[in-house]
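So the chains spell out like this:
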Amino acid sequence: MKFSINIDHVAFLRNARGENRPDPVTYALMAEEFGVDGIVVHLREDRRHIKDKDLQILREVIKTKLDLEMAATDEIIGIACTTKPELVTLVPEKREELTTEGGLDVKGQKIRLREAIKILDGSGIPVSLFIEPEKDIIDLSKEIGAQFIEIHTGVFANAKNESDYHNELSRICTAAEYAKSLDLSVNAGHGLNYHNTRDIASINTIDEVSIGQAVIAHSVFVGIEKAIKEMISLIRG
């Protein structure tokens, strides 16, 4: 299983006082050195953490894979087509949210998402849809042209008790297996940490996990190298 690190929270910390440090690009390069398989950034419409310049520099310097999370808006689609990341992950986006809340409304946004996928595909950029682990949503994602899905693991990560935890884990496992049967590549992410990632990593139909806040927070205490290598050990151990 591959591990891509989301570096948005490094940029968020930098922006808190309008400083130049910590630099998310430097963090990304160090993360690559310590073994991650890709870098994930979310270029939001309000630019609350990652800025356009960050994206431009990352495109120039990273050697693994750039996964650009984004809303399906004309402006950001245009930026993606110019930047040409290895993957675009379309996610829902609300101005007032602290972080992405739940999967895309693929049914309600079917026409818009299909158009976005067509434009991005025309620029040679594969597209993943960030979705809930539900069969009908997976079917629809395949129908409108997505090549990847990213399963939202937030409900699993926030489970209140052991029963809910295992029920949601089973739901994710079933969804990943079904998506694979449709020849979709399967990623997973949101809320994963050092306590719950091992169970997600045991699902061999998930190709990659995307984790950010937990690793960045841990690196404050133990350093970037140790934080990343501990997570890699959980994922691949």
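The structure under discussion appears in the preceding block.
Anyway, here's the lowdown on the structure attached to this text. (Residues numbered from 1 in each chain as written. Predicted model: local features only at pLDDT ≥ 70, side-chain atom pairs only at ≥ 80, totals over all residues. Heavy atoms only, no water.)

### Here's the deal with the side chain of N6
No. 1: Examined against the element boundaries, N6 turns out to sit in strand β1 (residues 2-6).
No. 2: At 2.8 Å, the side chain of N6 forms a polar contact with the backbone nitrogen of D8.
No. 3: If near-sequence neighbours (up to four positions away) are discounted, N6 is found in contact with V40, E69, S210, I211, G212 and I216. (Helix = DSSP H or I, 4+ residues; strand = E, 2+ residues; numbered from the N terminus. Polar contact = N/O pair within 3.5 Å; in protein donor to acceptor, adjacent residues only side chain to side chain. Contact = heavy atoms within 4.5 Å.)

### Looking at the environment of V91
No. 1: Secondary-structure assignment places V91 in the loop between β4 (87-90) and α5 (110-122).
No. 2: Assessed through its relative accessible area of 5%, V91 is described here as buried.
No. 3: Expressed as a C-alpha distance, the spacing of V91 and M70, which sit 21 residues apart in the sequence, is 5.8 Å. (Buried < 20%, exposed > 50% of the residue type's maximum accessible area, 1.4 Å probe, protein only.)

### Describing the pattern of salt bridges
No. 1: The final tally for this structure, using the stated rule, is 18 salt bridges.
No. 2: Close ionic contact of D37 with R236 constitutes a salt bridge, the shortest N to O distance being 2.2 Å. Of this pair, D37 sits in the loop between α2 (24-33) and β2 (38-42) while R236 sits in helix α11 (residues 224-236), and the two are 199 residues apart along the sequence.
No. 3: Judged by relative accessible area, which is 25%, D37 ranks as partly exposed.
No. 4: Linking E86 and R59 is a salt bridge whose minimum nitrogen-to-oxygen distance equals 3.2 Å. Separated by 27 residues along the polypeptide, E86 in the loop between α4 (74-83) and β4 and R59 in helix α3 (residues 52-61) bring together distant segments of the chain. (Salt bridge = Lys/Arg side-chain N within 4 Å of Asp/Glu carboxyl O.)

### Quick notes on the layout of surface pockets
No. 1: Each pocket or cavity is described by its volume, and for the second largest pocket that value is around 220 Å³.
No. 2: If you go around the second largest pocket, the residues you meet are H9, V10, L13, P22, Y27, Q213, I216, A217, S219, V220 and I224.
No. 3: Within the residue set of the lining of the second largest pocket, elements represented by two or more residues are α1 (8-15) and α10 (213-222).
No. 4: For the lining of the second largest pocket, the residue count by class is 8 nonpolar, 3 polar and no charged. (1 Å grid on protein atoms, 1.4 Å probe; cavity = no way out; pocket = protein on both sides within 12 Å on 5 of 7 lines; lining within 4 Å. Points joined across faces, edges and corners; volume = space filled by probe spheres on them. Nonpolar A, V, L, I, M, F, W, Y, C, P; charged D, E, K, R; others polar.)

### Here we look at α10
No. 1: All of the buried residues in α10 are A214, V215, I216 and S219.
No. 2: Those residues of α10 hidden inside the fold are in contact with β1, α1, α2, β8 (208-211) and α11.
No. 3: Backbone geometry just after α10 places G223 at a positive phi near 95 degrees.

### Considering the packing of aromatic side chains
No. 1: Evaluation of the coordinates by the stated rule reveals 1 aromatic pair.
No. 2: Each ring, one from F156 and one from Y165, has its centre 4.6 Å from the other, and the planes form 40 degrees; the classification is tilted.
No. 3: Overall, Y165 belongs to the buried group, its relative accessible area being 18%. (Phe/Tyr/Trp six-rings, centres within 6.5 Å; stacked < 30°, edge-to-face > 60°.)

### Quick notes on the sheet that holds β4
No. 1: One closed barrel holds the 8 strands; their spatial order is β1-β2-β3-β4-β5-β6-β7-β8, and the pairing between them is parallel. Sheet twist, expressed as the average angle between the axes of neighbouring strands with direction ignored, equals 25 degrees.
No. 2: Where strand β7 (residues 185-189) lies against β8, 3 bridges are found, and the strand directions are parallel. For N187, the partnering residue across the bridge sits in β8 and is E208.
No. 3: Seen against the sheet, α4 touches β3 (66-70) and β4 and runs at an angle of roughly 170 degrees to β3. (Pairing = 2+ DSSP bridges. Axes fitted to C-alpha atoms, helices over the stretch in contact; angles between N-to-C directions.)

Shape is all these values report; function is a separate question.
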